[in-house]
Amino acid sequence: MLLNINYKTEYKIEGILNEGYQRVILIPKSSNSQKIIEWNLNIEGGIKEINSKDHFSNSVNLIRMNDDTNTINISVIGKVETINCNGVFNDYKDSLPIWSYTQQTKLTMPGKELKNFFKKVPFKNDNLIEYLHSLSNYIRDKIEYIPGTTNYKTTAEEAVKIRKGVCQDHTHIFLSLVRMDNLPCRYISGFFLPETKNQDLAMHAWAEVYIDDLGWVGFDISNGISPDEKYVSVAKGFDYNDVVPIKGVLKGMFTEKHKSKLSIKSINE
Amino acid sequence: MLGNTADSIFWMFRYLERAENVSRLIETGFQLFLTSKNNIKKEWQSILKTTGSENYYYDQNQSLDSISVIKFMLKDPSNPNNILTILDKARNNAKRSRVSLTTEVWEATNSCWIETSQRLKNNIYDKDIQNILFELREKIALIIGYLNNTMLRNEILYFCYLGTFIERFDNTARILDVRHFLFMPNTMVKNDVINETQWEAILRSLSAYRAYMWQNQNELNAINISNFLILDDKMPRSLKFSLDQILKNIKLIKNNKVKNSDSFNLGLSIQSKLLSRKRNYSYDFGLHNYLDKLISSNIKLGNIIEDEFNFHK
Amino acid sequence: MNAEIRNFQYDESFNPLKDYVCKGYDEAINDKSQIRITYKKFLKWFNNQNYSELSKKDLDANRLFKITGITFNVYGDKDDTEKLIPFDMVPRIISSLEWEKVEKGVSQRIRAINSFLNDIYHNQEIIKAKILPLELIYKNPAYLFQMVGFRPPNNIYNHISGIDLIKTKASEFYVLEDNVRVPSGISYMMKNRDIMINLFPELFAELPIRNSKLYPRNLSKFLKKSSPNSNIKSPVVAVLTPGVNNSAYFEHSYLADQMGVELVEGIDLSIRKGHLSMRTIEGWKKIDVLYRRIDDEYLDPLWFKEDSLLGVPGLMDVYRKGNITIANAPGTGIADDKAIYSYVPEMIKFYLGEQPILNNVQTFRCSHKTELKYVIENIDKLVVKEVHGSGGYGMLIGPFSSKKEIENFKRKILANPKKYIAQPTLALSTCPVFSKTGLVPRHVDLRPFALLSKDEVYVTPGGLTRVALKKGSLVVNSSQGGGTKDTWVIDK
């Protein structure tokens, strides 16, 4: 499937900004599930200081905001050919030892709520992949998808407590439970082409679990399916903190507003 | 040289200069308190006004009694310009720019701070006051001596001088302005109203009594005194001398490339304002207005120096 | 203020060794109370000194320290005045023969640690070979995933190390700790020497004492050598300090001053044209080598602690791009871990194929059930330390603690056993210290500083000797009332 992706974010600053940096992780890589045909990152109101790779092998851009700017626009436009690889992603070469993916992080660290939630999972793992699918569905059943109830700082523990959240929370809860079984798994951020035309598209999140002899197997908890050719993965990490598409450090006295717009179109349509 | 270091150095020497000036003001007041009780209240009022601490003083005190004022000026924490606080600030800036100072300058500064603050923190008796002030100025002189004799001739030193003379210009202008304002409230009144004691106080508070007398054959005369303190380029605390030093040091920092230097150009315009005053003007002719403009231009010059040399981000 | 300057009264009956009674190994006298050869000349000279003169010199020394500004702040101390670390004017003297062993041992150790760091952030052969258990890295906050797979310039991690040693008998040195995060104390070593030369020039003229003041020149040389790109002709070095209120600020400014480089803070820095740059009066200037004196987690708010104001956003991007050297490398702290410490002798064998020259102290890890049991049962004989602690905070010395303190500490250990390790209480050697009545023996340790580059190791001749000034005390940390002395390595 050929996908056209256009993602724009605008930050407006009101007040005095002494210095501002944005760390941008918005550049996908080609793999067995996707071929990047075209991809451009454009910055208005800032300078691309450095492009480097982080420890997950994600492509990271450091943007320094212009001294006299009060608006910065960060946009990506790209064309990606996606391939259905039956939910198994074997692109991945980073130097991290596989055991590092079994560690809980700040955002997935289980507390009382999550441990209880885990205890009540009503099935066992005879077949690992089936088990993980049931786990994914179980989370989707129990944690209602309601945007606006959680934010980017919400932990899996907090989301389970209120039984509400978005794809990010679903993914964190899933990672937390899988790690309680001591299995390596990771957080994926990327783009997803929905079935229905939706006005308010945003970046998506799902999980991958490493299974011996198979590789990284994907689980989109919020949609209850395995990622297929409607998915473009952008970045990987232990949790959301590692893959934040745009993370800023701004110094000064100001208020900040931002808005994002995403469009994904299949060219074959 | 780091902008931050230039900032610390510049302010270190502004504070040292300020400490010296404030100490001389206190000493002048104290001398008058000992020798002539006449007009002593006005004297203290003028000193408080010159250092910008008048309001702070009346928040705490009702009357202008000499010893209260002196203690207030020396170490009262409600006075942001007390000597103890000024020295603290000077030493903190020195510590920040420790790497740029020679060991001699740093150690002289540090021991000046250690010893003076130790003395000031103890109880102060009348008999100690002159001694404390004298020793303080001696210690500052030691710092300046080491500065002149141990520092490399480069931009670090030029910023030391820049801070010193920006502060000095401000101080001399303020002393003249405040005296003029307080002791000559009415421009119709002629200069003989200011008695010799007052003129002597002005000169002494600028450490200029002897120099003036030597140049003017022992004659205290208003026009001569104001010319001496404003326009004399041999008198190291005059406005003219201070401004010449400011311009010279900016030029040195900029390696003579001053055509587009905002600070240098502002300095030049202050210079032409300064020199617009003719030597034959009567003492009080437009003096307040003139000094007021010079003081605010000098403040602006300080700000422009901070911008031009990247003191802050 | 007076508390830190010990006042001496002139004492007619002064005899330097009159009250000198020591139980264990002493640096100055042997078990037959005879003066050791290393101390003979010094004590002979000392005996000929006028005591009141010496007392005056002792005061002079403390005054010099204060004027120099070589002061520190004690954490958690409400009194914010700057304090002096007490200085003792009797040197700790080491023979060149003994020193040779220390020098070789320290050099061996820091090379092994660097190899370990290269390994643990890449292939982890030492874990695969089942020498080091994975659990020591797993969930260890000092292990930075951000460094995994990244090669620091020239493969050097611990450019600067301070190895804490104690001596129990002749030529018998034990390593207590490897300080490889941001080791401090070097300025005290240098200032101690300055002051000794100032007070007793005649001793330096007469005795063949090795020069310990070459450290800044070597530090500068080693840092320049570690530049990220060998094409840079004269790399720009800067020292990064948390600021003027940091307890080690004096040391930061001292080292920058001695090396002739800028001392920078976060507010002076920015990323310009892909490089870390400092704000000068003429605009931005690139930095090639950053000697940082702030901890890993504060280096870059985009990569580590988000609210850090001390570091620079994007510094790690510059680093990973290969545009700067950070010394020591982020993540080096894993080798500083007190549980990892017990494997350093294994590392020496594994990476260097050599036998360890310096001894390790036997270490019990409370994370192990059987070892925990031993620690709890024998706590009154042991020293218990926090795995990540430093500066003598959060430790218990069994033999010197009250029953109540021990019970409290036991509870702390049992609540979080992983946080603690324990070691037998070793008899630190004693060394003469100047006192009212003459010389008295006090326990000392030794921290030599070492520099590492791709082709060279430098170990300071001597190092910092810390001394527990309280009678019988084994805690030498300045935060716990310890002092320092000059350390002499004497050639024959």
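Notes on the structure in this doc start here. Computed from a prediction, not measured in an experiment: that's the story for all the values here. (Residues numbered from 1 in each chain as written. Chains lettered and ligands numbered in written order. Predicted model: local features only at pLDDT ≥ 70, side-chain atom pairs only at ≥ 80, totals over all residues. Heavy atoms only, no water.)

1. A short note on the interface of chain C and chain A
Each partner contributes to the interface: chain C provides 26 residues, whereas chain A provides 28 residues. On the chain C side of the contact with chain A, Y138, F145 and L302 of chain C bury the most area, a combined 28% of that side's loss. Remark: the boundary between chain C and chain A carries two salt bridges. A salt bridge links E19 of chain A to R272 of chain C; its shortest N-O distance comes to 3.7 Å. Where chain C touches chain A, the interface holds 10 residue pairs in polar contact (both at pLDDT 80 or more). Looking at the side of chain C that touches chain A, the element that brings in the most residues is strand β8 (residues 269-272) of chain C, giving four residues. (Contact = heavy atoms within 4.5 Å. Buried area = accessible area lost by both parts, 1.4 Å probe. Salt bridge = Lys/Arg side-chain N within 4 Å of Asp/Glu carboxyl O. Polar contact = N/O pair within 3.5 Å; in protein donor to acceptor, adjacent residues only side chain to side chain. Helix = DSSP H or I, 4+ residues; strand = E, 2+ residues; numbered from the N terminus.)

2. Some remarks on the interface of chain C and chain B
Between chain C and chain B, the contact holds 28 residues from the first and 27 residues from the second. For the pair chain C and chain B, the summed buried area comes to about 2,300 Å², and 51% of that belongs to carbon and sulfur atoms. The largest contributions to the chain C side of the interface with chain B come from I67, R279 and I281 of chain C, which together make up 32% of the buried area. For the pair chain C and chain B, the interface holds two salt bridges. For the salt bridge of R98 of chain B with D257 of chain C, the shortest nitrogen-to-oxygen distance reads 3.7 Å. Mapped onto the side of chain C that touches chain B, the elements with two or more residues apiece are α2 (51-68), α8 (249-259), β7 (262-264), β8, β9 (275-280) and β10 (283-286) of chain C. Here the element with the most residues in the side of chain C that touches chain B is α8 of chain C; it accounts for four residues. Within the side of chain C that touches chain B, the residues separate by chemical class into 13 nonpolar, seven polar and eight charged. (Nonpolar A, V, L, I, M, F, W, Y, C, P; charged D, E, K, R; others polar.)

3. Looking at helix α4 (residues 167-180) of chain A
All names here are of chain A. Taking 1.5 Å per residue as the helical rise, α4 with its 14 residues ought to reach 20 Å, and the 20 Å between its terminal C-alpha atoms agrees with that figure. Burial runs high along α4: 13 of the 14 residues are buried. Looking one or two places after α4, you find N182, whose phi comes out positive at around 65°. (Expected span 1.5 Å × (residues − 1). Buried < 20%, exposed > 50% of the residue type's maximum accessible area, 1.4 Å probe, protein only.)

4. Focus: unusual backbone geometry
The amide bond that connects A327 of chain C to the next residue, N328 of chain C, takes the cis arrangement and shows omega of -10°. Along the chain, N328 of chain C turns up in the loop between β12 (325-327) and α10 (338-341). Phi is positive for N255 of chain B, close to 55°, though the residue is something other than glycine. By the element assignment, N255 of chain B lies in the loop between α12 (239-253) and α13 (262-275). Even without being glycine, S171 of chain C reaches a positive phi, approximately 55°. Mapped onto the secondary structure, S171 of chain C falls in the loop between β4 (160-169) and β5 (172-179). S171 of chain C gets classed as partly exposed once you look at its relative accessible area, which sits at 30%.

5. Some remarks on the pattern of salt bridges
Proximity of charged atoms lets side chains of opposite charge pair with each other. In this structure the tally under the stated criterion is 51 salt bridges over all chains. When the shortest N-O distance is used, the salt bridge between D455 of chain C and K225 of chain C registers 2.9 Å. Of this pair, D455 of chain C sits in the loop between β20 (449-453) and β21 (456-459) while K225 of chain C sits in helix α7 (residues 215-225), and the two are 230 residues apart along the sequence. Overall, the relative accessible area of 56% leaves D455 of chain C in the exposed class. Exposure remark for K225 of chain C: the relative accessible area of 26% places this residue in the partly exposed category. Note that R279 of chain C is salt-bridged to D268 of chain C, the shortest N-O span being 3.7 Å. Within this pair, whereas R279 of chain C is found in strand β9, its partner D268 of chain C is found in the loop between β7 and β8, the two being separated by 11 residues in sequence. For D268 of chain C, a relative accessible area of 1% translates into the label buried. When salt bridges with common partners are traced through the structure, they connect E17, E20, R24, R168 and R237 of chain B into a single cluster.

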